[in-house]
Amino acid sequence: MLRIIRNYCPLNNSSVTRRNLHIFTGQKAEMTKCFTRDEVKLFASITEDTNPIHLDEDFARKTRFGKCIVHGVLINGLISALLGTKLPGVGSIFVSQETEFSQPLFIGETITASVEVVNIKNRTVTCSARCIVPESNKIVMSGSVKLLVPREKVSPLKSKKLEDH
C-alpha cells in the first residue's frame, strides 16, 4: 500500500514552486510492507549477509531477540523506495543519511515507512524518515536523509516493470 499525503499551502513561505521545484516543506509519503522469510533469504543471498540472526531460527531463538529479524538495510530500502519513486521521486539522489534502528523488525511483521520534507535549500532537500509497526506503534527505524532533486518532476517511463529492466 502506498499513500502520498499532500498538505500544500500556496501562501506558505516554504513552498518551492517559486524555484521551479515540485516539492514543498511538509509534504509526506508512506508505504506499508510485510517482509517474508523468502524475501529475507533472497536479500541475504544477493548481499552475502548470511548472519544467522536473519536466517536461522534455532540460532535466533538463543539471542536477545528470540527470533529472526529483518536486515536493517532491507528496512531502509523502503525509505529509498519512497524517496526515489514518490517523494521527491524519480531523479532524486541520496547525498547523506543518518539512521537509528531502535527496535528489531521480525520477519512477518507489517511495517509502515514514512518520509516528510522538513527543509529545502536550493535543490538540496532534507527529509525525516521513520519506520513503525502500526499494530504496536513500535518504532523500528528513524532518521533523516539529504538528497538532491531535479529541478522539474521527472516522469517514470510508463509500463516499465521490474522484469523489463
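Right, let's walk through the structure included here.

Criteria and thresholds
- Residues numbered from 1 in each chain as written.
- Predicted model: local features only at pLDDT ≥ 70, side-chain atom pairs only at ≥ 80, totals over all residues.
- Heavy atoms only, no water.
- Helix = DSSP H or I, 4+ residues; strand = E, 2+ residues; numbered from the N terminus.
- Polar contact = N/O pair within 3.5 Å; in protein donor to acceptor, adjacent residues only side chain to side chain.
- Contact = heavy atoms within 4.5 Å.
- Salt bridge = Lys/Arg side-chain N within 4 Å of Asp/Glu carboxyl O.
- Buried < 20%, exposed > 50% of the residue type's maximum accessible area, 1.4 Å probe, protein only.

## Section: the side chain of threonine 112
Residue placement: threonine 112 occurs in strand 4 (residues 110-121). Only 3.1 Å separates the side chain of threonine 112 from the side chain of threonine 32, close enough to count as a polar contact. If sequence neighbours within four positions are ignored, threonine 112 has contacts with Glu30, Met31, Thr32, Arg130, Cys131, Ile132 and Pro134.

## Thoughts on the pattern of salt bridges
According to the stated counting rule, one finds four salt bridges in the structure shown. Across the pair glutamate 57 and arginine 37 runs a salt bridge, and its minimum N-O distance is 2.8 Å. Here arginine 37 lies in helix 1 (residues 37-47) and glutamate 57 lies in helix 3 (residues 57-61), a separation of 20 residues in the sequence. Taking the relative accessible area as the measure of exposure, glutamate 57 reaches 26% and is therefore partly exposed. For arginine 37, a relative accessible area of 33% translates into the label partly exposed. A salt bridge links glutamate 109 to lysine 138, with the nearest nitrogen and oxygen atoms 3.1 Å apart.

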